[in-house]
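# Commentary on secondary and tertiary structure
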Amino acid sequence: MAVLVLADHDGSAVTQPTRSAVAAASKLGDVTVLVLGPRTAADSAAKVAGVAKVLHTEDVLYANGLAEPLAALLVAMAPEYSHLLAPASAAGKNVMPRLAALLDVQVISDIADVVDADTFVRPIYAGNALATVKSADPKKVITVRAASFDPAAAEGGSAAVEAAPKGEDPGLSNFLGAEIAKSERPELTAAKVVVSGGRAMGSAENFHIIESVADKLGAAVGASRAAVDAGYAPNDHQVGQTGKIVAPDLYIAVGISGAIQHLAGMKDSKVIVAINKDEEAPIFSVADYGLVGDLFKVMPEFESELAKK
Amino acid sequence: MKLLVPVKRVVDYNVKVRVKADHTGVETANVKMSMNPFDEIAVEEAVRLKEKGAATEIIAVSAGPTACQEQIRTALAMGADRGILIEHDGILEPLAVAKLLKAVIAKESPDLVILGKQAIDDDMNATGQMLAALLGWPQGTYASKVEPADGGIKVTREVDGGLERLQLKLPAIVTTDLRLNEPRYASLPNIMKARKKPIETLKPADLGVDVSPRLTVLKVEEPPKRQAGKKVGSVQELVEKLRNEAKVI
């Protein structure tokens, strides 16, 4: 049966976590992608490998991702689909449980594997355990942990783009505004390299040490919860159980002790580097390469070493 | 404004959980239990709204075994006025909890329900959104700021890439993110006072709610363990390894 994926996009193209959700959805049936936004984003979805159809609307009702009208639209579309998926992004996690409750089904959050049409693997307890769950609900509503699925290729598909149906406006909420940080760096959950700083950074100003190494590597910047709590880094940089889950090719943890909560967000990275002055820090137990030293000495040296080819 | 704050009893934040040998779940016997940290933030926010004069009464609700009384008492010691325990042994999924809360809300008619954004045991991140859906109320999830405004509430939300602000009609649902506030520790006098505050006990059947789980847990396993690698002696060695051994830069 047909499977629907609700896309996230950056204003011009669907995001990499969306393509990971497409990859998960491809295991379940023919994939239709719903794109709410500019036509260019819909066209990018049509090119994603494995996508059979794209439904698209530029209706301003959905321009700001308000959960109430979006869930209402998805409910109206649901009869056509056996599974409705979204990436486990802030947007997907906001709307999919609302959709599930409207359909009287239990949402299956943050899946890390598809076993069969009813059975999924999902991390619990900050990823310290993996639960295999079988859903008895007639329809499945799912969010997908992007780090666990290789994204479907951005090119190779040639799906038709059709108009999405029109939904009701429940009129419960209004969008007032947003402050979204503009960054030239790659998005945290899609980056091949991530450099993260912890509490040992000592101040928000000192985070430039992380940023300048990140820029040398074309990397995204992350932070531990401790660094976010201390106000050294914005919350959307947070890597961990309650922040973002990342699995880059290279993860460099700088001045991060390695609380369970943080490990939950990065332990599936291909190669982990830990730089910490405490040689007993738990981060070293998951690191492929550990360097014991004062980050304020090590990082400038690291940066100049990277500059040498 | 009347506030309702659901609180969940979970394995304490600091406990390193162990998967049971028979792979049916994680070990919860003889393990320290606490209030879900995000729910503490929810209680704190409710108490602050009351202290500011924006709220009149705070009801703390928990669903689960009798021992959930401890978490309700914690909420009462922080400043909630009374408690409701929905007693049930066995698994309660977010959909079932949302249905139970909906039934309690039908009796109590709160204007605002503040929940934690996710419980640190099942990591579902769902109950608030599901409750909002069942009630047909607006939702302000992952809140970092909540202000009563223009007859409704203004919620600042933590989203990917930054913040966004919504205006919600009341009644509404808010779920808390980390930076909303820093929960207080209950003082000893307040802990003593909390013992005298009332807790009503109900059963799912009293509320006419079917709480049968929709998901069957087939097995629970430990994730593959990562092996510790090697220590390198210098930055030069590190860069050399990353270039030539791991080939990631």
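Residues numbered from 1 in each chain as written. Chains lettered and ligands numbered in written order. Predicted model: local features only at pLDDT ≥ 70, side-chain atom pairs only at ≥ 80, totals over all residues. Heavy atoms only, no water.

We apply this condition: UniProt positions are given in the numbering used here, feature names are shortened, and annotations may be inferred rather than shown by experiment.
Going by an unreviewed UniProt entry, chain B carries the name Electron transfer flavoprotein subunit beta and comes from Belnapia arida. Looking at the Sequence similarities (unreviewed entry) heading of the UniProt record, one finds this comment for chain B: "Belongs to the ETF beta-subunit/FixA family."

As annotated in an unreviewed UniProt entry, chain A is FAD-binding protein from Belnapia arida. Comment text from UniProt for chain A, heading Sequence similarities (unreviewed entry), reads "Belongs to the ETF alpha-subunit/FixB family."

### Points about the overall build of chain B
For clarity, the threshold we go by: Strands here mean DSSP runs of E at least two residues long; helices mean DSSP runs of H or I at least four residues long; both are numbered from the N terminus. The classification of residues rests on relative accessible area computed with a 1.4 Å probe and restricted to protein chains. Under 20% of the type maximum is buried, over 50% is exposed, and intermediate values are partly exposed. Residue contacts are defined here by distance: any two heavy atoms, one from each residue, within 4.5 Å place the two residues in contact. Only the protein chains shown count as cover for residues, and the accessible areas themselves come from Shrake-Rupley with a 1.4 Å probe.
Looking only at helices and strands, chain B features six helices and 13 strands. Across its three principal axes, chain B shows a C-alpha extent of roughly 65 × 45 × 40 Å. By residue count, 55% of the 249 residues in chain B fall in the buried class. Sequence-distant contacts in chain B: of pairs separated by 6 or more residues, those separated by 24 or more amount to 71%. In the structure as shown, chain B presents an accessible area of about 10,800 Å², 50% of it carried by carbon and sulfur atoms.

### Some words on the pairing of strand β7 (residues 119-124) of chain A
One face of the sheet, then the other: side chains in a regular strand alternate in exactly this way. Residue and element names in this part refer to chain A. Here is the rule we go by: We call two strands paired when DSSP finds no fewer than two bridges between them.
Most of β7 is tucked away: six of the six residues are buried. Alternating positions in β7 separate into two faces, Thr119, Val121 and Pro123 on one and Phe120, Arg122 and Ile124 on the other, with burial throughout. With two bridges connecting them, strand β6 (residues 113-114) and β7 associate as antiparallel partners. When the sheet's bridge partners are listed, Val114 is paired in β7 with Phe120. Two successive antiparallel strands, β6 and β7, enclose a turn made up of four residues. One ladder, built from six bridges, connects β7 with strand β8 (residues 129-135); its direction is antiparallel.

### Quick look at the sheet that holds strand β11 (residues 173-180) of chain A
So the rule is basically this: A fitted line through C-alpha atoms serves as each axis, taken over the contacting stretch for helices, and the angle formed by two N-to-C directions is quoted from 0 to 180°.
Overall, mixed pairing links the ten strands, which are arranged β11(A)-β9(B)-β8(B)-β7(B)-β10(B)-β6(B)-β1(B)-β4(B)-β5(B)-β11(B) in an open sheet. Here the strands that pair on one side only, and so sit at the sheet edges, are β11 of chain A together with β11 (199-202) of chain B. Direction aside, neighbouring strands of the sheet carry axes that sit 25° apart on average. As judged from the seven bridges shared by strand β8 (residues 152-159) of chain B and strand β9 (residues 162-168) of chain B, these two strands associate in the antiparallel manner. By the bridge assignment, Arg157(B) is partnered in β9(B) with Glu164(B). Taken strand by strand, helix α4 (residues 127-135) of chain B contacts β6 (112-116), β7 (139-149) and β10 (172-176) of chain B, and its axis lies near 175° from that of β10(B).

### Let's talk about the packing of helix α5 (residues 207-217) of chain A against helix α8 (residues 295-307) of chain A
All names here are of chain A. Our working definition: Note that the term roughly parallel is reserved for angles under 35 degrees, roughly antiparallel for angles over 145, roughly perpendicular for angles of 65 to 115, and oblique for everything else. Left-handed describes a crossing whose near helix is turned anticlockwise from the far helix by less than a right angle; the clockwise case is right-handed. Put simply, Ala, Val, Leu, Ile, Met, Phe, Trp, Tyr, Cys and Pro go in the nonpolar bin, Asp, Glu, Lys and Arg in the charged bin, and everything else, Gly too, in the polar bin.
Interhelical geometry of α5 versus α8 gives an angle of 20° and a closest axis separation of 10 Å. Relative to α8, α5 is oriented roughly parallel. Crossing geometry of α5 relative to α8 is assigned as left-handed. Contact residues: α5 offers Ile209, Ile210, Ser212, Val213, Lys216 and Leu217, while α8 offers Phe296, Met299, Phe302, Glu303, Leu306 and Ala307. Classifying every residue of the contact of α5 with α8 gives nine nonpolar, one polar and two charged.

### With respect to the nonpolar core
To be explicit about the condition: Residues belong to one nonpolar core when they are buried, are Ala, Val, Leu, Ile, Met, Phe, Trp, Tyr or Cys, and are joined through side-chain atoms within 4.5 Å.
By size, the foremost hydrophobic cluster in this structure holds 96 residues, and its most contacted members are Leu6(A), Val33(A), Leu34(A), Val35(A), Leu74(A), Leu85(A) and Met96(A). Excluding its chain neighbours within four sequence positions, the residues that come into contact with Leu85(A) are Val3(A), Leu4(A), Val5(A), Leu6(A), Ala21(A), Ala24(A), Ala25(A), Leu28(A), Met96(A), Ile142(A) and Val144(A).

### Concerning the sheet that holds β7(A)
Strand order in the open sheet made by the four strands is β6(A)-β7(A)-β8(A)-β12(B), with antiparallel pairing throughout. Edge strands, defined here as strands with exactly one partner in the open sheet, are β6 of chain A together with β12 (215-221) of chain B.

### Some words on a nonpolar patch on the surface
Residues and elements named next belong to chain B. To be explicit about the condition: Patches here are clusters of residues that have more than 30% relative accessible area and form no salt bridge, with a 9 Å joining cutoff for like charges and a 5 Å cutoff for nonpolar side chains (Val, Leu, Ile, Met, Phe, Trp, Tyr). Whenever Lys or Arg places a side-chain nitrogen within 4 Å of a carboxyl oxygen from Asp or Glu, that contact is recorded as a salt bridge.
Judged by side-chain polarity, Leu188, Ile191 and Met192 come together as a nonpolar surface patch covering roughly 280 Å² of accessible area. With respect to the helices and strands, Leu188 occurs in helix α5 (residues 188-194). Given the relative accessible area of 60%, Leu188 is considered exposed.

### With respect to the packing of aromatic side chains
Note the following rule: Stacked, tilted and edge-to-face are the three classes assigned to paired rings of Phe, Tyr and Trp, where Trp is represented by its six-membered ring and a pair needs centres within 6.5 Å; plane angles under 30 degrees give stacked, over 60 edge-to-face, the rest tilted. Charge-over-ring contacts are defined here by two conditions on Lys NZ or Arg CZ: a distance within 6 Å of the ring centre and an angle within 35 degrees of the ring normal.
Per the stated rule, a full pass over the model turns up zero aromatic pairs over all chains. In this structure, Lys231(B) is placed above the aromatic ring of Phe284(A), and the distance from its NZ or CZ to the ring centre is 4.6 Å.

### Quick notes on helix α1 (residues 37-51) of chain B
Residues and elements named next belong to chain B. Formally: Multiply 1.5 Å by the residue count of a helix minus one, and that product is the helix's expected span.
Counted at 1.5 Å a residue, the expected span for α1 with its 15 residues is 21 Å, and the 21 Å between its end C-alpha atoms agrees. Those residues of α1 that fall on the buried side of the exposure criterion are Phe38, Asp39, Ile41, Ala42, Val43, Glu44, Glu45, Ala46, Val47 and Leu49. Gly53 occupies a position one or two residues after α1 and carries a positive phi of about 85°.

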